[in-house]
Amino acid sequence: MSLLPDLRGFARFLTRDPASSDDLVQETLVRALAALEQFQADTNLKAWLFTIQRNVFYEQRRRHLREQVVMNDYAVQAQRRAESRPASVRDDVRDLENVFWLLPPLLREALILVGAQEMTHEEAAGICGVPVGTMKARVSRARAQLTKLVAKARGDTPAPDTE
């Protein structure tokens, strides 16, 4: 416990961010406790903890840099795919994205689980804690409302209801 201020100070020096430094200290302590049997009693505990902290910091930095590279590559690929699509497809996707957020939250959730996540109605119902019939009804209503909203956004005349 007496080394916590020193660990926090070193973490703040490394990260230059109070929240990140607290996370770094926590991760350092978690790893130190997990590897406690490796600590030799006749050695310097402070040096051992600082070594762990420094290694954790550099590991996190490398991971963050790799994540940035992957995300940048993904963004470039997504941009290329979007540019390669005909303008009408890009407009359709943009229209769908805009009107999707006009759906009520429960219908949006149902459509994401069943449509985008490809879950069965039973799986989605279990996640939401509702009967399967309720989930099926929500998905159906969401699709119907989405169709109407897209038609309205395009200025199309909606098809008459058959209900």
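Within each chain, residues carry numbers counting from 1 in the order of the written sequence. Per-residue local features are limited, in this predicted model, to residues with pLDDT of at least 70; the limit for side-chain atom pairs, both in listing and counting, is 80 or more; totals at the level of whole chains, interfaces and linings are taken over all residues. Only hydrogens and water are removed before side-chain values are computed, so all heavy atoms of the structure are retained for them.

A.B. asks: What am I meant to see in the packing of aromatic side chains here?
C.D. replies: The description of an aromatic ring pair rests on the distance of the ring centres and on the angle between the ring planes. For Phe, Tyr and Trp, where Trp contributes only its six-membered ring, two rings pair if their centres lie within 6.5 Å, and the inter-plane angle classes them as stacked under 30 degrees, edge-to-face over 60, or tilted in between. Tallied over the entire structure, the rule returns 4 aromatic pairs. Taken together, a centroid distance of 4.8 Å and an interplanar angle of 10 degrees make the contact between Phe10 and Phe50 stacked. Of this pair, Phe10 sits in helix H1 (residues 4–15) while Phe50 sits in helix H3 (residues 45–84); the two residues are 40 residues apart in sequence, bridging distant segments of the chain. Residues Phe39 and Trp48 carry aromatic rings whose centres are separated by 5.1 Å and whose planes lie at 50 degrees to one another, so their mutual orientation is tilted. Here a set of aromatic residues connected by ring pairs shows up, and it is made of Phe10, Phe13 and Phe50. Here a strand is any run of E in DSSP of at least two residues, a helix any run of H or I of at least four, and the numbering for each starts at the N terminus.

A.B. asks: Where do I start with the packing of helix H6 (residues 121–128) against helix H7 (residues 132–154) in this structure?
C.D. replies: What describes two packed helices is the angle between their axes and the distance between those same axes. Axis angles are defined between N-to-C directions and span 0 to 180 degrees, where every axis is a line fitted to C-alpha atoms and, for a helix, only to the segment in contact. Look at H6 against H7: their axes get within 8 Å of each other, and the N-to-C directions meet at 105 degrees. Judged by the angle between their axes, H6 and H7 are roughly perpendicular. Contact with H6, carried on its side by His121, Glu122, Ala124, Ala125 and Cys128, involves Val132, Met135, Lys136, Arg138 and Val139 of H7 and no other residues of that element. Split into classes, the residues belonging to the contact of H6 with H7 amount to 6 nonpolar, 1 polar and 3 charged. Working rule for angles: under 35 degrees goes down as roughly parallel, over 145 as roughly antiparallel, 65 to 115 as roughly perpendicular, anything else as oblique. In what follows, residue pairs with any heavy atoms lying within 4.5 Å of each other are defined as contacts. Charged residues are taken to be Asp, Glu, Lys and Arg, nonpolar residues to be Ala, Val, Leu, Ile, Met, Phe, Trp, Tyr, Cys and Pro, and polar residues to be all remaining types, Gly included.

A.B. asks: Help me understand the pattern of salt bridges, please; the structure alone is not making it clear to me.
C.D. replies: Pairing is possible between side chains that carry opposite charge, provided their charged atoms lie close to one another. The salt bridge criterion pairs a side-chain nitrogen of Lys or Arg with a carboxyl oxygen of Asp or Glu, the two atoms within 4 Å. Within this structure, the stated rule accounts for 5 salt bridges. Between Lys46 and Asp6 there is a salt bridge; the shortest N-O distance is 3.4 Å. Residue Lys46 is found in helix H3, and its partner Asp6 is found in helix H1; the two are separated by 40 residues along the sequence. Exposure is judged per residue with a 1.4 Å probe applied to protein chains only, and the accessible area is read against the type maximum: over 50% gives exposed, under 20% gives buried, and values in between give partly exposed. Accessibility expressed as a relative area gives 34% for Lys46, which makes it partly exposed.

A.B. asks: Is there a simple way to explain unusual backbone geometry in this structure?
C.D. replies: At Arg16, a position not held by glycine, the phi torsion is positive, near 60 degrees. Within the element layout of this structure, Arg16 appears in the loop between H1 and helix H2 (18–34).

A.B. asks: Before we go on, may I ask you to explain the environment of Arg108 in this structure?
C.D. replies: Within the secondary structure, Arg108 sits in helix H5 (residues 105–116). Note: C-alpha distance between Arg108 and Ala142 (34 residues apart in sequence) is 6.8 Å. Ignoring anything within four residues of it in the chain, the contact list for Arg108 reads Phe100, Trp101 and Leu103.

A.B. asks: Would you explain the side chain of Ser21 in this entry?
C.D. replies: Assignment of secondary structure puts Ser21 in helix H2. Apart from residues no more than four positions distant in its own chain, Ser21 is found in contact with Ala11, Arg12 and Thr15.

A.B. asks: Would you mind showing me how to read the nonpolar core here?
C.D. replies: Across soluble globular proteins, nonpolar side chains have a tendency to be buried as a group. Of all hydrophobic cores here, the largest spans 16 residues; its most connected members are Leu103, Leu111, Met135 and Val139. Taken together, the elements giving at least two residues each to this core come down to helix H4 (87–100), H5, H6 and H7. If sequence neighbours within four positions are ignored, Met135 has contacts with Ala110, Val114, His121, Ala124, Ala125, Cys128 and Val130. We define the nonpolar core as a collection of buried residues of types Ala, Val, Leu, Ile, Met, Phe, Trp, Tyr and Cys that are connected through side-chain atoms lying within 4.5 Å of one another. In terms of nonpolar packing, the next biggest core, distinct from the first, is built from 13 residues, Leu7, Ala11, Leu24 and Val56 among them.

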